[in-house]
Amino acid sequence: MNEWDLYNNKTPSIPATEEGEWPAYEEHSLFETAALEVSHHVEVVPEMARTMALAAMAVACQGAVDVEFPNGKLVPTSLNLLTIAESGERKTAVENWFFNPVRDFQQEKKTEAKKKLIEYQRDINNWKSGEKLLKKEWNKSFTLEEEQRRKLEIVNEKSRLIIEKRQAEWKELEPSPPKNYQLIYENVTPIALAHGLHINIPLACLLSSEAGSILEGQASKDLYLLNSIWSGSPVEVSRRSTPSFSVIDPRLTIALMAQPKVIDRFLEKRGEEARDNGFLSRLMVIKPNSLIGKRDGNARAVNKAVIDKFKSRANELLNESFDILESTEKKRRIISFTPTAKKKWKSIFDEIEPNMEKHGLYYHSRGHGSKLMENITRVSAIIHTFENYSGDISEEVLNYSYALCRCYSKHYLEYLAGEPEIITLTNELVREIRRLVKSDDSSNYIFNKSLIRQQGRGQTRKPEKLKSALQLLEKLGHLKSSGNSSYIFSETILGHNNPVLQNGIHYNVKELYLFKEQEYINERVHSYSRFKLKDNVNSS
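Residues numbered from 1 in each chain as written. Predicted model: local features only at pLDDT ≥ 70, side-chain atom pairs only at ≥ 80, totals over all residues. Heavy atoms only, no water.

## A look at helix α2 (residues 30-42)
Then, in step 1: Between its terminal C-alpha atoms α2 stretches 18 Å, which fits the 18 Å expected from 13 residues at 1.5 Å a residue.
Then, in step 2: Every buried residue of α2 is accounted for by L30, F31, E32, A34, A35, E37, V38, S39 and V42.
Then, in step 3: Directly beyond the C-terminal end of α2, a positive phi value near 65 degrees is found at E43. (Helix = DSSP H or I, 4+ residues; strand = E, 2+ residues; numbered from the N terminus. Expected span 1.5 Å × (residues − 1). Buried < 20%, exposed > 50% of the residue type's maximum accessible area, 1.4 Å probe, protein only.)

## Description of the nonpolar core
Then, in step 1: Ranked by internal contacts, the top residues of the largest apolar core, which has 138 residues, are L54, F98 and F99.
Then, in step 2: Ranked by residues supplied to this core, first place goes to helix α3 (residues 46-62) with twelve residues.
Then, in step 3: When sequence neighbours within four positions are dropped, the list of residues in contact with F98 reads A34, A35, V38, A49, M52, A53, A56 and F310. (Core = buried A, V, L, I, M, F, W, Y, C linked by side-chain atoms within 4.5 Å. Contact = heavy atoms within 4.5 Å.)

## Digging into the pairing of strand β13 (residues 486-490)
Then, in step 1: Counted residue by residue, β13 has five buried out of five residues, so it is predominantly covered.
Then, in step 2: Neither face of β13 is open: one carries S486, I488 and S490, the other Y487 and F489, and all of them are buried.
Then, in step 3: Note that strand β11 (residues 444-448) and β13 share five bridges and pair antiparallel. What sits directly across from N444, in β13, is S490.
Then, in step 4: In this sheet, β13 lies alongside strand β12 (residues 479-483) in antiparallel orientation, the contact comprising four bridges. In the strand pairing of β13, L479 is matched with F489.
Then, in step 5: The hairpin formed by β12 and β13 contains two residues between the paired strands, and N484 there has a positive phi angle of roughly 55 degrees. (Pairing = 2+ DSSP bridges.)

## So, the packing of aromatic side chains
Then, in step 1: Taken as a whole and judged by the stated rule, the model has twelve aromatic pairs.
Then, in step 2: Both rings, one in Y25 and one in F31, keep their centres 6.1 Å apart while their planes meet at 45 degrees; by these two values the pair is tilted. Take Y25 and F31: they sit in the same class, and that class is buried.
Then, in step 3: Consider the rings of F447 and Y487, whose centres lie 5.9 Å apart with planes at 25 degrees: the pair is stacked. Taken together, the residues span a long stretch of sequence, with F447 in strand β11 and Y487 in strand β13 at a distance of 40 residues. There is no split in this pair, since F447 and Y487 are both buried.
Then, in step 4: An aromatic cluster is defined as three or more aromatic residues linked by ring pairs; in this entry it consists of Y25, F31 and Y400.
Then, in step 5: Positioned over the ring face of Y181 is K109, at 5.7 Å from the centre of the ring.
Then, in step 6: The ring of Y402 carries the charged tip of R406 above its face, separated from the ring centre by 4.7 Å. (Phe/Tyr/Trp six-rings, centres within 6.5 Å; stacked < 30°, edge-to-face > 60°. Lys NZ or Arg CZ within 6 Å of the ring centre and 35° of its normal.)

## Re α3
Then, in step 1: The end-to-end C-alpha separation of α3 is 24 Å, in line with the 24 Å expected for 17 residues at 1.5 Å each.
Then, in step 2: By the criterion of burial, α3 is predominantly enclosed, with 17 of the 17 residues buried.

## Thoughts on the confidence of the model for the chain
Then, in step 1: The predicted model of the chain has a mean per-residue pLDDT of 84, with 88% of residues at 70 or higher.
Then, in step 2: The model gives residues 1-19 a pLDDT under 50, and that stretch makes 40 contacts with residues more than four places away or in other chains. (pLDDT = per-residue confidence, 0-100.)

## Some remarks on unusual backbone geometry
Comment: phi is negative for the bulk of residues other than glycine, and the bulk of peptide bonds are trans.
Then, in step 1: Notably, R90 is not glycine yet its phi reads approximately 65 degrees, a positive angle.
Then, in step 2: With respect to the helices, strands and loops of the structure, R90 is situated in the loop between β3 (80-84) and α4 (91-140).
Then, in step 3: Overall, the relative accessible area of 34% leaves R90 in the partly exposed class.
Then, in step 4: At N484, a residue that is not glycine, the phi angle is positive and equals roughly 55 degrees.
Then, in step 5: With respect to the helices, strands and loops of the structure, N484 is situated in the loop between β12 and β13.
Then, in step 6: A relative accessible area of 75% means that N484 is categorised as exposed.

## Things to note about the packing of helix α12 (residues 339-352) against helix α14 (residues 395-417)
Then, in step 1: Where α12 meets α14, the axes come as close as 8 Å, and the angle between the chain directions of the two elements is 25 degrees. Of the possible angle classes, the one that applies to α12 and α14 is roughly parallel. Along the contact surface, α12 presents T340, A341, K344, W345, I348 and E351, while α14 presents E395, L398, N399 and Y402.
Then, in step 2: Of the residues assigned to the contact of α12 with α14, the class counts are five nonpolar, two polar and three charged. (Axes fitted to C-alpha atoms, helices over the stretch in contact; angles between N-to-C directions. Parallel < 35°, antiparallel > 145°, perpendicular 65-115°, else oblique. Nonpolar A, V, L, I, M, F, W, Y, C, P; charged D, E, K, R; others polar.)

## Some points on the sheet that holds β11
Then, in step 1: Strands sit in the order β11-β13-β12 across an open sheet of three strands; the sheet is antiparallel. Of all strands in the sheet, those with a lone pairing partner are β11 and β12, marking the two edges. Averaged over all adjacent pairs, the angle separating strand axes in this sheet is 25 degrees, with direction ignored.
Then, in step 2: Along the sheet, helix α17 (residues 463-475) makes contact with β11, β12 and β13, crossing β12 at roughly 110 degrees.

## Considerations on the pattern of salt bridges
Then, in step 1: What the rule picks out here adds up to 26 salt bridges.
Then, in step 2: The residue D249 makes a salt bridge to R251 at a minimum N-O spacing of 3.1 Å.
Then, in step 3: Of the charged contacts, one joins E316 and R313 as a salt bridge, the two residues approaching to 2.8 Å between their closest N and O atoms. In this pair, E316 and R313 both sit in helix α11 (residues 304-326), three residues apart, roughly one turn of the helix.
Then, in step 4: Assessed through its relative accessible area of 43%, E316 is described here as partly exposed.
Then, in step 5: Linked through salt bridges whose partners overlap, the residues forming this network are D66, D249, R251 and R332. (Salt bridge = Lys/Arg side-chain N within 4 Å of Asp/Glu carboxyl O.)

## With respect to the sheet that holds strand β5 (residues 203-208)
Then, in step 1: Strand order across the open sheet formed by five strands is β4-β5-β8-β3-β9, with parallel pairing between neighbours. Pairing within the sheet leaves two strands with one partner each, and these edge strands are β4 (184-186) and β9 (283-286). Neighbour-to-neighbour, the strand axes of this sheet turn through a mean angle of 15 degrees, independent of strand direction.
Then, in step 2: The pairing of β3 with strand β8 (residues 251-258) spans five bridges and is classified as parallel.

So, in structure tokens, the structure goes:
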């Protein structure tokens, strides 16, 4: 097989960057340094560590700040994240590094609550003694003989009114039990979680390194409850056998980790229902590359100073959150975008929205598409807050959040939603072009769309679907019109410019090389072209 055959058959080994498609954040940020430290120590890919770091950051921020859309809409800074990884991928180890600070904070609060419980038990006993005395006085007003009662009827009535007033005043002085500062819930059902938010504090994280107990069985029927909590809306739970309850102004971050087989079973049994009720649409999904069997065992020790800084910032925000919970005057801070970031926000929105139209990337995942802009906004606010940046959210933070959420979105479409129709159509069209058209020496295919409609196979024979696939190829930089319904298709990006959309980032058309591979492929193609030209000259 010669160089050209290798190229046409897509067999060259493309050198991948260390980070792959997932973007890194600022080198010296709390977020990035902590994620890389844990990644190198535990020996997992950086994006897996970043995801769990982001979950812990969301827990720290959600009680302290809300974020404002450019149109004024306020939303929480909670996140729903799902990591899909096999057993042995060290999910629990990564979780522990980032959530131990949260657990330590929770334990400190529970220790304080135990001391308050002793005081409460003393106060409530004293209060009950006073209540008993008032009750005795009330009863005494009815124990007089009938004749005496008639004589003193007016006096007794006034006495009872006085006692009733004292009882009402005493009731207002009843001590309240100390709150149970439960911040982390592990492997509980949605109903039990909602009840916990009701009786404890309306601020929590649902954390599970093996999410089967949440996604499988009867618990999966109540996933809809988590949607309202994600939005920060009041939750009303009506019951027949036990008292009904409500949760006001809740804040909940969900960080689930599950094996692929658990997700497959869930999608098979409850996937359609979970898509319809919106639970899946809110998830930021990652299925990281496996390092099982590839680790060398030479993991470096964690830089304690880096982790301590991460922990310290988490504690600051958690303390701020609890101060707000316990105060009647303090409110969560509202984070906004700078003017330039607002313009960028609008341009991102304008890019996402058309993709929910027919044959668009999110056409069959409109729920996910409609939540994507909000997740980008929430991530921006979390990074801005956790890094303790001053002022409003910058365009740089928004750009990173967009790049990161695009990766989560891609994994959602690939591992939860299935392949969108537009991707299926585009892959099919590329195969049909290769089958029906002979390429020239520059790996270009010149064809008329009537050829595809008359001799093509599959869905792209239909005019509307063919048009959609052609448009996507054009935006990806692999197609351009040459007039009169004629087109030029190229295996590489035409003109060597940055296209409107990038394969592997905005879309994932498997029949095409990823955008990051284009420079390498172009170099090989041009080298081969020079080789072939030289060979032809020598032959002549």
